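Here's the letter readout for the chains.
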Amino acid sequence: MRRLPALLALGSTALTLSAAPSLQYNHGDPSDDEQYSLELINRARMNPTAEGIFLAGINDSRLNFSYTFFNVDRNQVKIDFAALTPRPPLAFNSRLMSVARFQSQDQAANNYQGHSSATGGTQLTRLTNFGYANFTVVGENVFAKIADAFVGHVGLNVDFGLPTLEHRKAIMDVLELTHPSIYREIGIGIVPATGSNVKPFVLTQEFGTELPTANTAFLTGVAYRDGNHDSLYSLGEGMAGIRVMPDNGDYFALTSKSGGYTIPLQNLPAGTTSVQLTFSGGGLMSPVTKTVALNGTNNVKADLVPTVDLVNISTRLRVSTGDNVAIAGFVVNGSANKRVIIRALGPSLARAGVADTLSDPSLQIVANGAQIATNDNWKTSQQTEIQNSGFAPTNDNESAVIRTLAPGVYTAIVSGVGGTSGIASVEVYDLDIPANSHPINLSTRGQVQTGDGVMIAGFVISGPVAKRVIVRAIGPDLANRGVTGFLQDPTLSLISNGVTIASNNNWKDTDKVAIQATGLAPNDDRESAIVATLNPGVYTAIVSGVSNSTGVALVEVYDLD
């Protein structure tokens with residue numbers, strides 16, 4: 001780690017009136033790896049105790065050797081990080097980005113790890129050349145032979161083999177004589193390398209605070225779609241081209257290709273304690289606003305993580321007995337519990353013109369092979385709670401259950417009381433939609449007949465951005481699951497606002513490559529599948545049999561984001 005003191009500490013200030021943001025701030029164009037590296041750094045800075053627990057608990061084949069070779073005391077790592085002071089997040093600076101990339105490229109090209117060379121010069125030379133010479137404090141970390149950004153972050157923050165922990169001190173902003181004030185900005189350069197001393201990647205981190213902005217707070221963050229639901233930016237999740245507009249100050253930003261942005265909070269009205277951000281464009285179907293509390297002159301972080309869920313799912317089909325009862329499966333992903341209402345409707349379907357409805361549906365909810373809830377007539381239990389949800393069935397013979405479900409796989413089974421048969425609807429409605437809990441991967445198995453007896457699955461996409469899904473109609477493959485009387489040749493239609501927007505009979509006939517790429521291609525060529533990117537709205541998938549054939553089928557909707 002290399003630090004340089006301030007060259008000069010002279011400057012002046014002037015008062016200016018606040019104006020609506022009209023200048024676009026350029027923070028560079030970080031790659032996905034560089035943005036991910038910053039997210040790991042800021043997570044560590046803002047919560048050192050959690051970072052210590054995270055680093056102490058790592059079990060990764062790429063890192064375990066280093067933990068052992070350098071005799072890392074994992075418990076001491078936890079203790080050391082718990083003693084650190086939380087620091088504000090760092091914001092990308094385009095000139096520091098250029099310095100970091102230049103130094104990484106120089107190390108890669110000349111097969112060395114270090115802070116200076118005959119071709120790259122010293123850190124001060126590079127800072128001067130790229131216009132970052134008027135600083136109060138700067139620092140530099142370099143790390144060659146890293147496998148990826150994650151390994152680089154762990155290696156520098158554990159600080160393998162460096163007892164003085166200089167790399168960690170830079171990342172975590174440990175103040176000392178040569179580091180008298182905290183960093184505000186950062187540049188990160190991660191480049192591929194082929195030399196024996198540096199491959200496969202070289203990482204350089206440039207830390208700094210410029211004198212002109214030494215008392216300016218930077219608003220930083222990243223817009224991303226949390227596809228793996230881990231509440232952290234991951235490679236490939238960034239949302240580019242989103243306009244980030246504060247309600248005050250000089251600057252606004254557009255998110256870079258990796259999703260990040262930086263805004264200097266300059267010329268805010270006196271006494272401003274918060275700013276309202278409006279995120280728009282760049283794949284957002286509608287603007288999203290967020291109020292961000294300020295922290296004096298410290299940097300603050302505001303991420304945009306659009307919540308886009310498959311919610312309010314229903315399937316209408318014929319319910320018989322034995323293997324031909326209706327079986328609806330759904331998955332709750334994420335880290336939080338989700339409150340849902342599950343309904344089994346029959347008699348009320350007559351109002352929609354459906355004949356031969358199931359007169360008295362019964363509902364069971366199963367998890368891990370065990371029944372966790374059951375209901376016959378909805379007023380017999382949870383009547384008040386169901387009424388308050390706004391989703392009470394209109395017929396007393398219909399069934400409903402409200403449950404708060406932990407992340408996991410669930411099955412709703414609808415049958416007729418006394419072995420009766422008829423057309424019914426099984427539905428799952430999301431009652432709270434917390435940001436870190438997502439119901440996805442929905443399926444219903446049941447009897448497909450003709451006319452009103454075809455299988456009709458409805459689902460709603462909720463949120464400000466489009467969602468990519470695959471919808472499947474499975475028949476012949478059910479024989480491999482012990483189901484008899486399966487639908488020999490299902491056909492699938494996808495409908496929005498009464499218009500068929502996609503259809504498929506045999507899945508290889510259309511979008512074969514896209515379907516195979518999802519990893520969810522049907523096992524039988526006669527089965528159907530549609531891959532589509534759908535805007536927020538209401539959708540219906542209809543499964544019927546070719547040439548009016550009948551049998552047991554499975555309709556499924558999988559979230560691909």
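Residues numbered from 1 in each chain as written. Predicted model: local features only at pLDDT ≥ 70, side-chain atom pairs only at ≥ 80, totals over all residues. Heavy atoms only, no water.

As a further point, take the overall build of the chain. The secondary structure content of the chain amounts to 10 helices and 29 strands. Counting every position in the chain, which comprises 561 residues, the buried fraction comes to 52%. For the chain, long-range pairs separated by at least 24 residues make up 75% of all intrachain contacts whose partners lie at least 6 apart in sequence. In the form shown here, the chain has an accessible surface area of approximately 22,700 Å², with 50% of it arising from carbon and sulfur atoms. One way to put it: in the chain the 37 positive side-chain charges average out to a point 3 Å from where the 47 negative ones average out. (Helix = DSSP H or I, 4+ residues; strand = E, 2+ residues; numbered from the N terminus. Buried < 20%, exposed > 50% of the residue type's maximum accessible area, 1.4 Å probe, protein only. Contact = heavy atoms within 4.5 Å. Areas by Shrake-Rupley, 256 points an atom, 1.4 Å probe, with all protein chains shown as cover. Lys, Arg positive; Asp, Glu negative; His and termini not counted. Charge placed at Lys NZ, Arg CZ, Asp CG, Glu CD.)

For the bond running from Lys 199 to Pro 200, omega is 5°, close enough to zero to count as cis. Within the secondary structure, Pro 200 sits in the loop between strand S5 (185–192) and strand S6 (201–210). You will see that Asn 71, though not glycine, has its phi angle at about 55°, which is positive. In this fold, Asn 71 is placed in the loop between helix H3 (61–69) and helix H4 (74–82). For Asn 71, a relative accessible area of 67% corresponds to the exposed category. Even without glycine at this site, Lys 145 takes up a positive phi of about 65°.

A sheet is described by the order of its strands in space; here three strands give the open sequence S10-S7-S13, paired in mixed fashion. The sheet is open, and its two edges are formed by strand S10 (260–264) and strand S13 (300–301), each paired on a single side. Of the pairings in the sheet, the one linking strand S7 (residues 218–222) to S13 comprises two bridges and is parallel in character. Opposite Leu 219, over in S13, you have Val 300 as the bridge partner. (Pairing = 2+ DSSP bridges.)

Let's shift gears to the packing of helix H2 (residues 48–56) against H4. Relative to each other, H2 and H4 sit at 170°, their axes nearing to 7 Å. Accordingly, the angle class assigned to the pair H2 and H4 is roughly antiparallel. Here H2 contributes Pro 48, Thr 49, Glu 51, Gly 52, Ile 53, Leu 55 and Ala 56 to the contact with H4, which in turn contributes Arg 74, Val 77, Lys 78, Phe 81 and Ala 82. For the contact of H2 with H4, the class distribution of residues is seven nonpolar, two polar and three charged. (Axes fitted to C-alpha atoms, helices over the stretch in contact; angles between N-to-C directions. Parallel < 35°, antiparallel > 145°, perpendicular 65-115°, else oblique. Nonpolar A, V, L, I, M, F, W, Y, C, P; charged D, E, K, R; others polar.)

Taken in spatial order, the five strands make up an open sheet running S2-S9-S8-S11-S12, and their pairing is mixed. The sheet terminates laterally at strand S2 (23–24) and strand S12 (288–293), the two strands that pair on one side only. Pairing analysis gives six bridges linking strand S11 (residues 274–280) to S12, with the strands arranged antiparallel. Following the sheet pairing, Leu 277 is matched in S12 by Lys 290.

The next subject is the confidence of the model for the chain. Here the chain averages 88 in pLDDT, and 92% of its residues register 70 or above. Segment residues 434–440 is flagged for pLDDT under 50; beyond a separation of four residues in sequence, or across chains, it makes 31 contacts in the model. (pLDDT = per-residue confidence, 0-100.)

Among all positions of H3, only Leu 63, Ser 66 and Tyr 67 are buried. Projected down its long axis, H3 shows its buried positions confined to an angular sector of 105°, all on one face. The outward face of H3, more than 90 degrees from its buried face, is lined by the exposed residues Ser 61, Phe 65, Thr 68 and Phe 69. Against the buried residues of H3 lie H2, H4 and helix H7 (149–158). For H3, the N-terminal cap is Asp 60; the gap from its side-chain oxygen to the backbone nitrogen of Arg 62 is 2.8 Å. Trailing H3 by a residue or two, Asn 71 shows a phi angle of about 55°, which is positive. (Arc of directions from axis to C-beta. Polar contact = N/O pair within 3.5 Å; in protein donor to acceptor, adjacent residues only side chain to side chain.)

Next up on the list: the nonpolar core. If you look at the biggest cluster of nonpolar residues, it comprises 42 residues, and the most contacted ones within it are Ile 342, Leu 363, Val 414, Phe 459, Leu 534 and Val 543. Not counting residues up to four positions away in its chain, the partners in contact with Val 414 are Val 319, Val 325, Ala 326, Ala 344, Leu 358, Pro 361, Ser 362, Leu 363, Ala 424 and Val 426. Ile 41, Ala 149, Met 172 and Val 222 belong to the second-largest nonpolar core, a separate cluster that totals 36 residues. (Core = buried A, V, L, I, M, F, W, Y, C linked by side-chain atoms within 4.5 Å.)

Here the focus is the environment of Thr 484. Summarising the element assignment, Thr 484 is placed in the loop between strand S24 (467–474) and strand S25 (490–496). Judged by its relative accessible area of 57%, Thr 484 falls in the exposed class. Taking C-alpha positions, Thr 484 is 24 Å from Ala 344, a pair spaced 140 residues apart along the chain. Ignoring sequence-local partners within four residues, the contact set of Thr 484 consists of Asp 323 and Val 552.

Turning next to the packing of aromatic side chains. Applying the stated rule across the entire model yields 13 aromatic pairs. When the ring of Phe 65 is compared with that of Phe 69, the centres are 5.5 Å apart and the planes differ by 25°; the resulting orientation is stacked. Residue Phe 65 and its partner Phe 69 are located together in helix H3, separated by four residues, close to a single helical turn. In this structure Phe 65 comes out as exposed when scored by relative accessible area, which is 59%. Ring plane angle 20° and centroid distance 5.7 Å describe the contact between Phe 459 and Tyr 539, whose orientation is recorded as stacked. Of this pair, Phe 459 sits in strand S23 (residues 455–462) while Tyr 539 sits in strand S28 (residues 537–545); the two residues are 80 residues apart in sequence, bridging distant segments of the chain. When sorted by exposure, Phe 459 lands in the same class as Tyr 539, which is buried. Ring pairs connect the aromatic residues Phe 65, Tyr 67, Phe 69, Phe 70 and Phe 160, which therefore count as one cluster. Residue placement shows Arg 43 over the ring face of Phe 54; its charged tip is 4.6 Å from the ring centre. Over the ring of Tyr 67 we find Arg 74; its NZ or CZ atom is 4.0 Å from the centre of that ring. (Phe/Tyr/Trp six-rings, centres within 6.5 Å; stacked < 30°, edge-to-face > 60°. Lys NZ or Arg CZ within 6 Å of the ring centre and 35° of its normal.)

Looking at the secondary structure, you find Asp 430 in strand S21 (residues 422–430). Expressed as a C-alpha distance, the spacing of Asp 430 and Pro 306, which sit 124 residues apart in the sequence, is 17 Å.

Let us now look at the side chain of Asn 141. Note that Asn 141 resides in strand S4 (residues 135–146). Look at Asn 141 and you get buried, because its relative accessible area is 0%.

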